[in-house]
Structure formats: C-alpha cells, structure tokens
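A look at the structure
Take a look at the letters that make up each chain.
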Amino acid sequence: MKNIFSAIFFLVISISNFAQETSTTFNDQEFLEYLENLLDEEVKSKNKKEFRQKSWAYWSEHQIDYNRSPEKYKKALSLYHLNQEKFKKNNTIALDRFKKSIENFQRFDSRNTFPKNSVLFVGSSSIVHWETAKAFPEFPIINRGFGGASIPEIIYYYDDVIKKHAPSVLVIYSDIGVEGGKSPSVAVAAYDELLIKIKKDFPETEVLLLAMKPTLIDDFLGKEVAKNKIRTNELLFEYCENEEHMQFVDISTPMLKKDGTVRSDIFLNDGLHMNALGYTLWNPILKKKIGELMKL
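Calculation rules
- Residues numbered from 1 in each chain as written.
- Predicted model: local features only at pLDDT ≥ 70, side-chain atom pairs only at ≥ 80, totals over all residues.
- Heavy atoms only, no water.
- Helix = DSSP H or I, 4+ residues; strand = E, 2+ residues; numbered from the N terminus.
- Buried < 20%, exposed > 50% of the residue type's maximum accessible area, 1.4 Å probe, protein only.
- Contact = heavy atoms within 4.5 Å.
- Areas by Shrake-Rupley, 256 points an atom, 1.4 Å probe, with all protein chains shown as cover.
- Lys, Arg positive; Asp, Glu negative; His and termini not counted.
- Charge placed at Lys NZ, Arg CZ, Asp CG, Glu CD.
- Axes fitted to C-alpha atoms, helices over the stretch in contact; angles between N-to-C directions.
- Left-handed = near helix turned anticlockwise from the far one by under 90°.
- Nonpolar A, V, L, I, M, F, W, Y, C, P; charged D, E, K, R; others polar.
- Salt bridge = Lys/Arg side-chain N within 4 Å of Asp/Glu carboxyl O.
- Pairing = 2+ DSSP bridges.
- pLDDT = per-residue confidence, 0-100.
- Core = buried A, V, L, I, M, F, W, Y, C linked by side-chain atoms within 4.5 Å.

A few words now on the overall build of the protein chain. Counting its regular elements, the protein chain contains 15 helices and five strands. Across its three principal axes, the protein chain shows a C-alpha extent of roughly 60 × 40 × 35 Å. Within the span of the protein chain, comprising 296 residues, buried residues form 52% of the whole. Long-range pairs, those at least 24 residues apart, make up 76% of the contacts in the protein chain with a sequence separation of at least 6. Surface summary for the protein chain: the accessible area is close to 14,600 Å², and the carbon and sulfur share equals 51%. Counting 40 positive and 41 negative side-chain charges, the protein chain places the centres of these two groups 4 Å from one another.

The subject of this paragraph is the packing of helix 12 (residues 184-201) against helix 14 (residues 225-241). Packing of helix 12 against helix 14 brings their axes to within 9 Å, and their N-to-C directions diverge by 35°. As helix 12 packs across helix 14, the resulting crossing turns out to be right-handed. Contacts between helix 12 and helix 14 pair Pro 184, Ser 185, Ala 187, Val 188, Tyr 191, Asp 192, Leu 195 and Lys 199 from the former with Asn 228, Arg 231, Thr 232, Leu 235, Leu 236 and Tyr 239 from the latter. Considering only residue class, the contact of helix 12 with helix 14 consists of eight nonpolar, three polar and three charged.

Glancing now at the pattern of salt bridges. A complete count under the given rule lists 17 salt bridges for this structure. Between Lys 72 and Asp 65 there is a salt bridge; the shortest N-O distance is 2.8 Å. Judged by its relative accessible area of 54%, Lys 72 is exposed. Judged by its relative accessible area of 23%, Asp 65 falls in the partly exposed class. Here Lys 213 makes a salt bridge to Asp 175, at a shortest N to O gap of 3.5 Å. Of this pair, Lys 213 sits in the loop between strand 4 (206-210) and helix 13 (218-221) while Asp 175 sits in the loop between strand 3 (169-173) and helix 11 (176-179), and the two are 38 residues apart along the sequence. For Lys 213, a relative accessible area of 2% gives the class buried. Take Asp 175: its relative accessible area is 2%, and that puts it in the buried class.

It is worth spelling out the pairing of strand 2 (residues 141-145) at this point. Counting buried positions over the five residues of strand 2 gives five, a clear majority of the element. Burial of strand 2 is two-sided: the residues Ile 141, Asn 143 and Gly 145 facing one way and the residues Ile 142 and Arg 144 facing the other way are all buried. Sheet topology places strand 1 (residues 119-123) next to strand 2; five bridges connect them, and they run parallel. Note that in strand 2 the partner of Phe 121 across the bridge is Asn 143.

On average, the protein chain scores 92 in pLDDT, and the residues at 70 or more come to 92%. Residue range residues 1-7 is modelled with pLDDT below 50. Its contacts to residues more than four positions away, or to other chains, number 26 contacts. This stretch, residues 9-24, has a pLDDT under 50; its non-local contacts, to residues over four places away or in other chains, come to 27 contacts.

Further remarks concern unusual backbone geometry. For Asn 117, which is not glycine, the phi torsion reads 50° and is therefore positive. Looking at Asn 117, the relative accessible area reads 51%, which means it is exposed.

With that out of the way, let us pick up the nonpolar core. Core analysis: the largest hydrophobic core is formed by 85 residues, its most contacted members being Trp 59, Trp 130, Ile 162, Ile 172 and Leu 286. When residues in this core are grouped by element, the largest group, seven residues, is from helix 12. Among all residues touching Trp 59, those that are not within four sequence positions of it are Phe 31, Tyr 66, Tyr 73, Ala 76, Leu 77, Tyr 80 and Phe 220.

In structure tokens, the structure reads:
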C-alpha cells in the first residue's frame, strides 16, 4: 500500500538519483514548456513517473535559489502544482509499515532496563536523526523516534514507544501528516487523540510539542504544505495554552533568517532533513526547557 512516508521518501531521498538519471536538466524555459504540455497529456503511469523524476531533478537544483527568490519561480511553481494535483498519489498510511523498527526497540528493551524519570523523545525522522543522548548528557534520555512516523503511527505503537517508558518529560515531533497533505485540523485532531491517551496514563508527565519545522522543499511537497505547517503550529500553541503540563516549543523561528527565508546551511542535500548545524539550533532550546521541567 502506498503511504505518506513512501511518497516523501520517493520524492526526497531519490532526488539525487533522479538528477543523475536526467543529467540534461531543463533550463527554466524548457521546464515551463514541459509543465504546460504535460497538462494536456493523458494520465498514465509512465508520465506520472516521468513528471516526478524530471520535476524533482529541476527543483533539487533550484531549491536554494527558490528559497532566496521565490518570485522568479512563480509561474513554474503554479504549473508544477497543477500537474502535482493531476498526478496525485494515494497517501494512505499502512500503520504497521515500521514494524521492523518497533521490533528492534522491543529486542533492545527486553535486554535493558530503562532510566527512571526519563526524558522520552518520540516522533519522525527529525527525532530519529537527533543525537539526543549526546546533546543532553545531563538527562536520562530515551529516543524512540522511528521511520517517518506520523502521529497515527505513534498512537498505533503507543504501548511500545511511550507507555512502557512512563516518562517524566515527553518530547514529541512529527510533521509527516501535513507534509503528506493533511489539513491543520486533521493534524491537530491526531495530536489530540494521542495527548488524551498520554494525559490519562501519565497525568503528571510534562509534554513538549515541538513546532513543525520549515524546510527548503515545503512548496515542492505540496501547494499548501508551508502554510499548513504555520497554521498547525498556531493551533498546537493554542491547544497547549489550555492544558496543564503541556508546552508548545518554537524550534522553527531560529531556522529562519532575518528576512523570513529558511536558512539553507542547516539542511542535508535533500533540503528536508537537518544536518548537525541544524540540531545545534534546537539543542539549547530543549536543554533549557527540559532543565526547567526536571527541577519541578
């Protein structure tokens, strides 16, 4: 079954392969003509694949320049989004798609004990790639990030990745739903379902909801992705304002330059995942928050 993570993985991780396969990348005018002509073509599996390969080869080469000067690409982006809608993928999630990752956690957990009063990090690839134990050596850290986990998948594996650890502080990050096309209201509803379970099982646990980060390729993932991330962050902030033992943590603002554009030096070549420099922006924010909570 096709799913959100597969779509994003296909679009992002394979960009370099696409670029190599289509080494004669379009110039700007050729890309516009290609997109215009494609709108008149019949939808077939062959041109679906070609559209993704050729367009992502183009955007991968232009992502930094687009971030600096998006107005230059206004027409190209509009045509791209029309074709993206035309060749829309099925982003249905198979909730057990990361079963092997969970089984690895289960094997590790069966051979080890957990620290008491732990600080538990849960979420998608931003948590997976975060060297949390190294970043926060003064705290009893457990990292249970897996795959490109959406909030529904965290709920699905709740007993394995959250409940068994009974954390004192729980840090949650996931942007997969919004990046896969979910609306802010749907995304927040999923968070609400998860948080209801957490509040019931651990009413005194301090929960930190991390803002969805901006990336260099949000506009290429989908027409509304960047806007929907901002709105989802606003809704999550409002949600936390009305809850005890819950805080919204803005880790997205430090990722922006003074002019509001996203820093390009904090990402890997895919424009989506952060490099080590990117995490150095997050570390002091979380260190301060966790330190305040662990003293309560």
